[in-house]
Protein chains: 2
Amino acid sequence: MAQRRHPAGAGQRSGAARCQRPREDVNGVSAVSQTPVRVALLGAGTVGAAVARRLADRAEVFARRVGAPLELTGIAVRDLGRPRDLTGVLPGLLTDDPGALVDEVDIVVEVMGGIQPARGLIERALRAGADVVTANKQLLAQHGVELEALAGREGHGLEYEAAVVAAVPIMRTVRDALAGDEIRSIRGIVNGSTNYILDMVARQGVPFQDAVTQAGDLGYLEADPTEDLEGLDAAAKIVLLARAAWGGEVGMSDVQREGISGLTDADFENARGTGQVIKLIASAWRSGAPGAPRIEVAVRPTLVAADHPFAQTREGTNMVIIEADSAGSLRLSGAGAGGDETASAVLGDLINLARARVAARD
Amino acid sequence: MAQRRHPAGAGQRSGAARCQRPREDVNGVSAVSQTPVRVALLGAGTVGAAVARRLADRAEVFARRVGAPLELTGIAVRDLGRPRDLTGVLPGLLTDDPGALVDEVDIVVEVMGGIQPARGLIERALRAGADVVTANKQLLAQHGVELEALAGREGHGLEYEAAVVAAVPIMRTVRDALAGDEIRSIRGIVNGSTNYILDMVARQGVPFQDAVTQAGDLGYLEADPTEDLEGLDAAAKIVLLARAAWGGEVGMSDVQREGISGLTDADFENARGTGQVIKLIASAWRSGAPGAPRIEVAVRPTLVAADHPFAQTREGTNMVIIEADSAGSLRLSGAGAGGDETASAVLGDLINLARARVAARD
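Here is what the cut-offs are and how they apply
- Residues numbered from 1 in each chain as written.
- Chains lettered and ligands numbered in written order.
- Predicted model: local features only at pLDDT ≥ 70, side-chain atom pairs only at ≥ 80, totals over all residues.
- Heavy atoms only, no water.
- UniProt positions renumbered as here; feature names shortened; annotations may be inferred.
- Helix = DSSP H or I, 4+ residues; strand = E, 2+ residues; numbered from the N terminus.
- Rg over C-alpha atoms; globule rule 2.2 N^0.38 Å.
- Buried < 20%, exposed > 50% of the residue type's maximum accessible area, 1.4 Å probe, protein only.
- Contact = heavy atoms within 4.5 Å.
- Lys, Arg positive; Asp, Glu negative; His and termini not counted.
- Charge placed at Lys NZ, Arg CZ, Asp CG, Glu CD.
- Pairing = 2+ DSSP bridges.
- Axes fitted to C-alpha atoms, helices over the stretch in contact; angles between N-to-C directions.
- Arc of directions from axis to C-beta.
- Parallel < 35°, antiparallel > 145°, perpendicular 65-115°, else oblique.
- Left-handed = near helix turned anticlockwise from the far one by under 90°.
- Nonpolar A, V, L, I, M, F, W, Y, C, P; charged D, E, K, R; others polar.

- By the naming in an unreviewed UniProt entry, chain A goes by Homoserine dehydrogenase and is assigned to Ornithinimicrobium ciconiae.
- On record in UniProt, under Function (unreviewed entry), the comment for chain A is "Catalyzes the conversion of L-aspartate-beta-semialdehyde (L-Asa) to L-homoserine (L-Hse), the third step in the biosynthesis of threonine and methionine from aspartate."

Shown next, in the form of structure tokens:
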């Protein structure tokens, strides 16, 4: 829909207010009379079920913040029979047909994981006119460049704070807060499972292989622990952060990657002896000449001084340090994973997209 | 300008893509051919001059990120004769007439400080059709509710990340990242001057009054140090954070405030003896019944355990811990002040507002 270009003058609403609504609608306009914003949820595992429960029990608050009610039109799952905690959620929303759902909504929330059918559903949603929120780091690491290009062409949003360190607002910081700065590097502990293991060894003196076994028993590792232990999870996250910071098409194959599985008790002993701690650090930095910058990405077990903030990062906590030319050093930390924590990030993206849609109606 | 309401469907651009541009324009559309986004700068002190220099030396990068060139139309100052570092900035931009500037631009950046004439100029800018970026915490603490209401009525943005802990993205986190969550509390060290003093006493054993004198000599305190020492600076910041978190009209008079000027060397001795450290902590929290929530705000010298992250916060660094229902505990830290650091936050807000304006042209 072409519009005549005009400089914003008195009486013209700039694009900004549409995007920068206060948390509560200060005008007091009743949200009830507004056309709902329709939301489809793909996936109802730990994160998806938490999102659904929050949409139910925070419905009024969200409607006030968005300026219109959020209407969950359906929840697509693979296995209708699997027991789930959907307390407060309208019965009858579950379906095993995600395709029909994504054609008829304003915002699609993809928390099913995996490459397909998630990829196809996201593409279908964008083409059908919806914005998309996702937590799918592996899909984005592999196909995010194409998906963002598609979203750009279709004029819709693709948001994924939840894909990178749960509720810790790193994507928003890198992309938005530092939009007026130049990022030099991003380094951090971005995988809670491996940090839990390394922390157990360093602070409790548990032999390394026992720590790995205990972490598995406690449910900190996937059934196939490769993604965590080999640094693939951390690599996907640092790839997404590098793209957000510097654009470009950094991919998984660019990551200089080494996980923790090759570490030995001798390594930990040596670290302890030199007042250091081993941490799995994911990093991305700009190198090369100003005219020909290179982006480097790595995931590596790294020795850090025992009094460094990274060394103080315990159990499942994650921490990211961003260095920017003007801002200096910014440090963000919090839970690296968890159903509620990841749901918080999903809902944050959802509310922001919904607010923008409602504001665009004005 | 009324527009017929229609649900966004295939082919309709949702509001979201307008707000969520990637850092670099992936479509490769030449920014040079676009109508510039006109920017007026009010104030060229440490922060303002840094903003002007960055607009000059990052002009190409910013144009790519925004999708159009940013054109600095003028820099209003009180004293045309005062020496300033405006390296790279077009000569002839300085003026001592801010009123004329704000009538003819898209975005006004207010970094002059003080209540008047800053307040009048911001109101004039919003009525004339501009979005506003400001770092003016005292103005916002006293008149922010009315200014945000005016911005909302005029349909323009009012952004102030720079007013609260420089480049540490706390406003963006509270307002946007946690828009889908419920914030329980916000606590932090938000004044670098007093933290520098307290840190000098705790870690270097400098007698308290000597530490205050040294901080003054090093330029860490204003000529009138009351604002820092009496916790007024911290109070203004926690007021802004409380409003962003829970809406409402919390004001300076609601802050249970005690600065550091009443502390004695005996207090610091007692702290040390019990393995604790005294920090000036600003806090905001929700109390009361669910149906009748109260917002409490306070600034107080507080004993913290020596191994608490607050106790580890050194010199001019600031740290804020946000507790939210789903996200859990999020911690953000970085430089609390500084020309470049504050300029980073100003420029971040500026780029985001400019991006939204350009996207709204489509």
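Back to the text.
## As for the overall build of chain A
Okay, so step 1: Check the secondary structure of chain A and you find 13 helices and 12 strands.
Okay, so step 2: Compactness check: chain A gives a C-alpha radius of gyration of 22 Å against a globular reference of 21 Å for 362 residues, within 12% of the reference.
Okay, so step 3: Taken over the C-alpha atoms alone, chain A extends approximately 65 × 55 × 35 Å along its principal axes.
Okay, so step 4: Out of the 362 residues in chain A, the part that is buried amounts to 59%.
Okay, so step 5: Partitioning the contacts of chain A with sequence separation of at least 6, the portion at a separation of at least 24 is 71%.
Okay, so step 6: Of the side-chain charges in chain A, 38 are positive and 47 negative, and the distance between the mean point of each set is 6 Å.

## Structural notes on the sheet that holds strand E11 (residues 317-324) of chain A
Okay, so step 1: Read across the open sheet, the 12 strands follow the order E8(A)-E10(A)-E9(A)-E7(A)-E11(A)-E12(A)-E12(B)-E11(B)-E7(B)-E9(B)-E10(B)-E8(B); overall the sheet is mixed. Each edge of the sheet is formed by a strand with only one pairing partner; in this case those strands are strand E8 (255-257) of chain A together with strand E8 (255-257) of chain B. The sheet shows a mean angle of 15° between the axes of neighbouring strands, direction not considered.
Okay, so step 2: Here strand E7 (residues 183-189) of chain A runs beside E11 of chain A; their pairing, made up of six bridges, is antiparallel. Note that in E11 of chain A the partner of Gly188 of chain A across the bridge is Val320 of chain A.
Okay, so step 3: Packing against the sheet, helix H8 (residues 192-204) of chain A makes contact with E7, strand E9 (276-289) and E11 of chain A, and its axis sits at approximately 135° to E9 of chain A.

## Details of the UniProt feature "binding site: NADPH" (unreviewed entry) in chain A
Residue and element names in this part refer to chain A.
Okay, so step 1: Taken from the UniProt record, the annotation "binding site: NADPH" (unreviewed entry) applies to Lys137.
Okay, so step 2: Secondary-structure assignment places Lys137 in helix H6 (residues 137-154).
Okay, so step 3: Beyond its immediate stretch of four places on either side in the chain, Lys137 contacts Ala163, Asp233, Ala236, Lys237 and Leu240.

## Points about the pairing of strand E2 (residues 70-76) of chain A
All names here are of chain A.
Okay, so step 1: Burial within E2 is extensive, with five of its seven residues counted as buried.
Okay, so step 2: Sheet topology places strand E1 (residues 37-42) next to E2; six bridges connect them, and they run parallel. From the neighbouring strand, Val37 faces E2, where its bridge partner is Leu70.
Okay, so step 3: For E2 and strand E3 (residues 94-95), the ladder comprises two bridges, and the chain directions are parallel. In the sheet register, Ala76 faces E3, and the bridge partner there is Thr95.

## Details of the UniProt feature "active site" (unreviewed entry) in chain A
Residues and elements named next belong to chain A.
Okay, so step 1: Within the UniProt annotation, "active site" (unreviewed entry) is assigned to Lys237.
Okay, so step 2: Following the sequence through the fold, Lys237 ends up in helix H11 (residues 232-246).
Okay, so step 3: By relative accessible area, Lys237 is classed as buried at 5%.

## A look at helix H9 (residues 208-217) of chain B
All names here are of chain B.
Okay, so step 1: Residues of H9 that are buried include every one of Phe208, Ala211, Val212 and Ala215, and no others. All buried residues of H9 fall inside an arc of 100° around its axis, so they share one side.
Okay, so step 2: In this fold, the buried residues of H9 make contact with helix H8 (192-204), helix H10 (226-229) and helix H12 (265-273).
Okay, so step 3: One or two residues past the end of H9 sits Gly219, with phi positive at roughly 85°.

## Comments concerning helix H3 (residues 59-66) of chain A
Okay, so step 1: Val61, Phe62, Ala63, Arg65 and Val66 of chain A are the residues of H3 of chain A that are buried.
Okay, so step 2: Summarising the contacts, the buried residues of H3 of chain A are in contact with E1, helix H2 (46-57), E2 and helix H13 (339-361) of chain A.

## Examining the packing of helix H2 (residues 46-57) of chain B against helix H13 (residues 339-361) of chain B
Residue and element names in this part refer to chain B.
Okay, so step 1: Put simply, H2 and H13 touch, their axes get as near as 8 Å, and they point 55° apart. Taken together, the axis directions place H2 and H13 in an arrangement best described as oblique. As for how H2 packs across H13, the hand of that crossing is right-handed. Residues Thr46, Val47, Ala50, Val51, Arg53, Arg54 and Leu55 of H2 lie in contact with H13, whose contacting residues are Gly339, Asp340, Thr342, Ala343, Val346, Leu347 and Leu350.
Okay, so step 2: Here the residues of the contact of H2 with H13 sort into eight nonpolar, three polar and three charged.

## Points about the sheet that holds strand E6 (residues 158-159) of chain A
Residue and element names in this part refer to chain A.
Okay, so step 1: Within the open sheet, the six strands sit side by side as E3-E2-E1-E4-E5-E6. Their pairing is parallel. In this open sheet, the two edge strands, each paired with only one partner strand, are E3 and E6.
Okay, so step 2: With two bridges connecting them, strand E5 (residues 131-134) and E6 associate as parallel partners. When the bridges of E6 are listed, Val133 appears paired with Glu159.
Okay, so step 3: Where H2 meets the sheet, its contacts fall on E1 and E2, and the angle it forms with E2 comes to roughly 150°.
Okay, so step 4: Contacting E1, strand E4 (107-110), E5 and E6, helix H5 (residues 118-127) crosses the sheet at an angle of about 150° to E5.

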